[in-house]
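Chain and residue survey
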Amino acid sequence: MQSLKRKPLVVVTRRLPEVVETRMRELFEIRANADDKPLSRDDLAAALREADVLVPTVTDEIDAELLAEAGPNLGLIANFGNGVDHIDVAAALERGITVTNTPGVLTEDTADMTMALILAVARRVTEGARIIPDDAWDSGWSPTWMLGRRITGKRLGIVGMGRIGQALARRAKAFGLQIHYHNRRRVPAAIERDLEATYWESLDQMLARVDIVSVNCPHTPATYHLLSARRLKLLKPEAVVVNTARGEVIDESALARLIEAGDVAGAGLDVFEQEPAVSPRLVKLARSGKVVLLPHMGSATHESRIDMGEKVIINIKSFMDGHRPPDRVLPSML
């Protein structure tokens, strides 16, 4: 009788939704992270040496040096997430390791959160939410108290008009915002017409004219500090910046300085350059009501996490069955 084929060893670096982990256990040999604490560099190195498949997340930095220690059985890094800036994709490819991600399934949730941050900053929602629990509403309603800014009629500048940027534009259009965007490539004319979107080839020119800037592009070497100190200085004093993409796209120190000086009105940030560490200057600005800070919650819905897990499973199953995974990532795509 022919022997049964060994199930691949899949090492998962963080806890996944129970339904996802259960399905994985049915299909693969799983080594899960019951404590849900980020793996140390040594733990990651050990996982790379032992696994047939590694399932990392954004909290796992997998560089060329770590990949050099990968064992001979490691054939796939099936990232649980869309962004792969924490993985050296080129180094993986050189070692014959395939990298996949989970695109498309977090689009709507991230766009929802981006819109929520725009509203939260403009209408001072988080400041207001603290008033009653802190017993600070002594004088009651007043015509001049807690005044924010109307968003209807304002110009929204979207940096990165991919899936999430377009989903945000649909929401923003419904709120009466005028849609402007900058992208590596202009989107098709039919999409521009549908969104009533204005394209700017020059990011500098767009930034100088919009009231709200939303960062929705991936972090790549080309987008590191794309919103640099020089570019942030182009913004109007009443402008606000929202980021639900990657913290590295914005020069955080420069943004904090400009907000402190009153040269930029505020910001809503869900991602940070050194997360989970957050700049004390940003924390201080949040306490004073100038910025809204969230702990990387953009795609944090039950539905999104389950959909991401299903994508990971499909990618692993396809790879193990000898087929090209549907969500393979190549260096040329970054």
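For the structure itself, look to the data block above.
Keep in mind that this is a model prediction, so the values were computed, not measured. (Residues numbered from 1 in each chain as written. Predicted model: local features only at pLDDT ≥ 70, side-chain atom pairs only at ≥ 80, totals over all residues. Heavy atoms only, no water.)

1. Brief notes about the sheet that holds strand β9 (residues 212-215)
The cut-off we apply is this: Two strands make a pair as long as DSSP finds a minimum of two bridges between them. Secondary structure elements follow DSSP: runs of H or I no shorter than four residues count as helices, runs of E no shorter than two count as strands, and numbering proceeds from the N terminus. Think of each axis as a best-fit line through the C-alpha atoms, taken over the contacting stretch in the case of a helix, with angles from 0 to 180 degrees between the N-to-C directions. What makes two residues a contact is simply this: any of their non-hydrogen atoms within 4.5 Å.
In space, the seven strands of this open sheet follow the order β8-β7-β6-β9-β10-β11-β12, with parallel pairing throughout. If you trace the sheet from one side to the other, it starts and ends with β8 (197-199) and β12 (291-293), each paired once. Adjacent strand axes in the sheet meet at a mean angle of 20 degrees when their direction is disregarded. In the sheet, strand β11 (residues 266-269) pairs with β12 via three bridges, with the strands oriented parallel. Paired with Gly 268 across the strands is Val 292, a residue of β12. Contacts from helix α5 (residues 107-122) reach β6 (155-159), β9, β10 (240-243), β11 and β12, with the element oriented near 150 degrees to β11.

2. Concerning the sheet that holds strand β4 (residues 76-78)
Reading across the sheet, the six strands line up as β2-β1-β3-β4-β5-β13 and stay open at both edges, with mixed pairing between neighbours. In this open sheet, the two strands that pair with only one neighbour each are β2 (29-31) and β13 (328-329).

3. Quick notes on the pairing of strand β1 (residues 9-12)
Selection criterion: Exposure classes here rest on a 1.4 Å probe applied to the protein chains alone. A residue is buried below 20% of its type maximum, exposed above 50%, and partly exposed in between. Note on handedness: a crossover is taken as right-handed if, strands pointing away from the viewer, the path from the first strand over the helix to the second is clockwise.
Of the two faces of β1, both are covered, the one formed by Leu 9 and Val 11 as well as the one formed by Val 10 and Val 12. Here β1 pairs with β2 via three bridges, running parallel. Across the sheet, residue Val 11 finds its bridge partner in β2, namely Arg 31. With helix α1 (residues 18-27) bridging β1 and its parallel neighbour β2, the resulting β-α-β unit is right-handed. When β1 meets strand β3 (residues 53-55), the two strands line up parallel, connected through three bridges. If you follow Val 12 over to β3, its bridge partner there is Val 55.

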